[in-house]
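# Report on the structure
Single-letter residue listing:
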Amino acid sequence: MPKSIYDRGLLKPDEVATLQRVFDEACRRRQAHPESVEARELALTLLALYNAGMVDEEMLTEAVGFRRLEPKSA
C-alpha cells in the first residue's frame, strides 16, 4: 500500500494554513505583492525556517515579517 502524502514528508493542511498566514502577514508588513520576486524569496525563506524546526507561528512571523528598509533619499 502506498504511503500517504503525510508519511512522505509533505505538509499537513494545518501546517499549510499556518505558513499561508505567516506569508500573508509578512507580505503585508513588507508591502510586497504576493507574486513578486521578493515574495518568492520570502516564501523560500519561510519554508527553510519551517523545515529547520521553527514551527511557532509567532516566531516565524517575527523572523520573516520585518519591513524592508527604504533607501534614504539624498
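Residues numbered from 1 in each chain as written. Predicted model: local features only at pLDDT ≥ 70, side-chain atom pairs only at ≥ 80, totals over all residues. Heavy atoms only, no water.

## Side note on the environment of F66
Checked against the element boundaries, F66 lands in the segment after α3 (57-64). Along the backbone, F66 and E25 are 41 residues apart, and their C-alpha atoms lie at a distance of 9.9 Å. (Helix = DSSP H or I, 4+ residues; strand = E, 2+ residues; numbered from the N terminus.)

## Quick notes on unusual backbone geometry
Located in the positive-phi region is Q31, a residue other than glycine, with phi close to 55 degrees. Tracing the sequence through the fold places Q31 in the loop between α1 (13-30) and α2 (37-51).

## Here's the deal with the packing of aromatic side chains
Applying the stated criterion across every chain, the model contains zero aromatic pairs. Sitting over the ring of F66, R30 keeps its end group 4.4 Å from the ring centre. (Phe/Tyr/Trp six-rings, centres within 6.5 Å; stacked < 30°, edge-to-face > 60°. Lys NZ or Arg CZ within 6 Å of the ring centre and 35° of its normal.)

## With respect to the pattern of salt bridges
Scanning the entire structure with this criterion turns up five salt bridges. A salt bridge links E25 to R28, with the nearest nitrogen and oxygen atoms 2.5 Å apart. Of the two residues, E25 and R28 are both situated in helix α1; the distance of three residues between them amounts to about one turn of the helix. Here E25 and R29 are joined by a salt bridge, their closest N and O atoms 2.9 Å apart. With E25 and R29 both in helix α1, this residue pair falls four residues apart, about one helical turn. Under the relative-accessibility criterion, R29 is labelled partly exposed at 27%. Through salt bridges with shared partners, one network takes in E25, R28, R29 and E62. (Salt bridge = Lys/Arg side-chain N within 4 Å of Asp/Glu carboxyl O. Buried < 20%, exposed > 50% of the residue type's maximum accessible area, 1.4 Å probe, protein only.)

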